[in-house]
Amino acid sequence: MEIGASTACFYPLETEKALQRVCDLGFKATEVFMNSPCELEEGFVKNLKSIADNSGTKIISVHPFSSFLESSCIFGDYQRRFNDFIGIYEKTCHAAAMLGAGIVVIHGAVAKPKIPIPDERYFERFKMLIDIGKREGVTVCQENVNRFKSESIDFCKKMRNALGDDYHMVFDIKQTVRAGQNTFRFLEEFKNEISHVHISDNGVNGDCLPPGKGSFDFEKLFRILNGADYNGSYIIEIYSGNLDVAEELKESKAYLKKL
C-alpha cells in the first residue's frame, strides 16, 4: 500500500516549495496541485520534475488550478469561451505527462449553476477532456466533490453509463462526508472505476482531519478496494488551517502504515 501526500496540504505555500516539503517528509508518492497559469509552463514543470526526481518521489496526479472556472468556461453554453479555455487543459495534461503523472483530476460543474447545464453537454465536454488526456497518455478522472454535480451517486452513475470504459473516478473521503453521502455506499458503487484516492479522517472534530485523528474505518476502505484489485496510491489531502501540517503528515503516515 502506497501512502502519499498532496502539495495542497501546504496551501498557500508556493507549489514548488510545497512539493519540496512533501519530498522532505519522505513521501514517495504525491499529487501536485497547480495554483497558477504560469505553473503550467515548461520551465516550471521541469523544475517540479527535478525536485521530485531528486527525492525519488513519484508524482501520481495533477490537479488543475482552474477548477473554479469549469462550470462556465468548460461546461457552460458559450462556445467561444470554451474554445478559449480548453487550452488550459491541454497544457495541464501535457504538464502531467512531463511529470510522469498518469492522472489529471477534474472537479467539473457545480451542482446548481445559475444557468442549467444539461447532462448531455457535460458528458460530451468531459469526453473532450478525456481525449486530450489520451493524446498525452494521461487518464482524466472525475472527482466526487461536494456541491458539484459529482457529489451525487446518481449523477456519477449516469456519467459512467454515458462514458463507458472512459469513466474513471478520483474518490475523496471528505467530499462524501460534506455532501451527506454514505462514504461506503459511494465506494462500493464505484470501486471498479476508482483510479486514485484522496484520504482524510472525520469524526466529532470535523470532516478533514489527519488520518488517525478521527473515527473513519480505513481498514474497511482498504479491504473494499483490495477486493476490487485497486493498485493505486492513497494520497493524504488535508488543509493546513491551524495544523502543524508536517508533523500531522508524519503521524498520519505512521498510523496508516500500521493498518
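None of the values given here were measured: they were computed from a predicted structure. (Residues numbered from 1 in each chain as written. Predicted model: local features only at pLDDT ≥ 70, side-chain atom pairs only at ≥ 80, totals over all residues. Heavy atoms only, no water.)

Please provide a residue-by-residue account of the overall build of the protein chain, values included.
A tally of regular secondary structure across the protein chain gives 10 helices and 10 strands. For the protein chain, whose C-alpha radius of gyration is 17 Å, the value lies close to the compact-globule estimate of 18 Å for 259 residues. Dimensions of the protein chain along its principal axes, counting C-alpha atoms only, are 50 × 45 × 35 Å. Expressed as a percentage of the 259 residues in the protein chain, the buried residues total 54%. Across the protein chain, contacts joining residues at least 24 apart in sequence account for 76% of those joining residues at least 6 apart. Here the protein chain displays about 11,500 Å² of accessible surface, and carbon together with sulfur accounts for 47% of that area. One finds the centroid of the 32 positive side-chain charges in the protein chain at a distance of 2 Å from the centroid of its 37 negative side-chain charges. (Helix = DSSP H or I, 4+ residues; strand = E, 2+ residues; numbered from the N terminus. Rg over C-alpha atoms; globule rule 2.2 N^0.38 Å. Buried < 20%, exposed > 50% of the residue type's maximum accessible area, 1.4 Å probe, protein only. Contact = heavy atoms within 4.5 Å. Areas by Shrake-Rupley, 256 points an atom, 1.4 Å probe, with all protein chains shown as cover. Lys, Arg positive; Asp, Glu negative; His and termini not counted. Charge placed at Lys NZ, Arg CZ, Asp CG, Glu CD.)

Help me get a handle on unusual backbone geometry, residues and values and all.
The omega angle of the peptide bond from Tyr11 to Pro12 is 15 degrees, so this bond is cis rather than trans. Along the polypeptide, Pro12 turns up in the loop between strand 1 (3–6) and helix 1 (15–24). Notably, Arg147 is not glycine yet its phi reads approximately 70 degrees, a positive angle. Take Arg147: it is sitting in the loop between strand 5 (139–143) and helix 6 (153–163). At Asp229, a position not held by glycine, the phi torsion is positive, near 60 degrees. The topology assignment puts Asp229 in the loop between helix 9 (218–227) and strand 10 (234–236).

Let's hear about the pairing of strand 5: which residues, and what values?
Of all five residues in strand 5, four are buried, a share of seventy percent or more. Pairing geometry for strand 4 (residues 103–106) and strand 5, over four bridges, is parallel. Following the sheet pairing, Ile103 is matched in strand 5 by Thr139. One crossover worth recording links strand 4 to the parallel strand 5 by way of helix 5 (residues 119–136), and it is right-handed. Relative to strand 6 (residues 169–172), strand 5 runs parallel, the two sharing two bridges. (Pairing = 2+ DSSP bridges. Right-handed = clockwise from strand over helix to strand, strands pointing away.)

A description of helix 10 (residues 245–257) should follow, citing residues and the corresponding values.
Between its terminal C-alpha atoms helix 10 stretches 18 Å, which fits the 18 Å expected from 13 residues at 1.5 Å a residue. Along helix 10, the positions that sit buried rather than exposed are Val245, Glu248, Leu249, Ser252, Lys253 and Leu256. Here the buried residues of helix 10 occupy an arc of 135 degrees about the axis, which is enough to place them on one side. In this structure, the buried side of helix 10 is in contact with strand 1, strand 7 (194–199), helix 9 and strand 10. (Expected span 1.5 Å × (residues − 1). Arc of directions from axis to C-beta.)

Before we move on, could you go through the pattern of salt bridges and cite the residues and values that matter?
Following the criterion strictly, the structure yields 18 salt bridges and no others. The salt bridge involving Glu237 is made with Lys174; its shortest N-O contact spans 2.7 Å. Here Glu237 is found in the loop between strand 10 and helix 10, whereas its partner Lys174 is found in helix 7 (residues 173–178), with 63 residues between them in sequence. As far as the burial class goes, Glu237 and Lys174 line up, both buried. Close ionic contact of Glu247 with Lys250 constitutes a salt bridge, the shortest N to O distance being 3.4 Å. Of this pair, Glu247 and Lys250 both sit in helix 10, three residues apart, roughly one helical turn. Since its relative accessible area comes to 42%, Lys250 is described here as partly exposed. Look at the salt bridges and you will find they share partners, linking Lys127, Asp131, Lys134 and Asp166 into a network. (Salt bridge = Lys/Arg side-chain N within 4 Å of Asp/Glu carboxyl O.)

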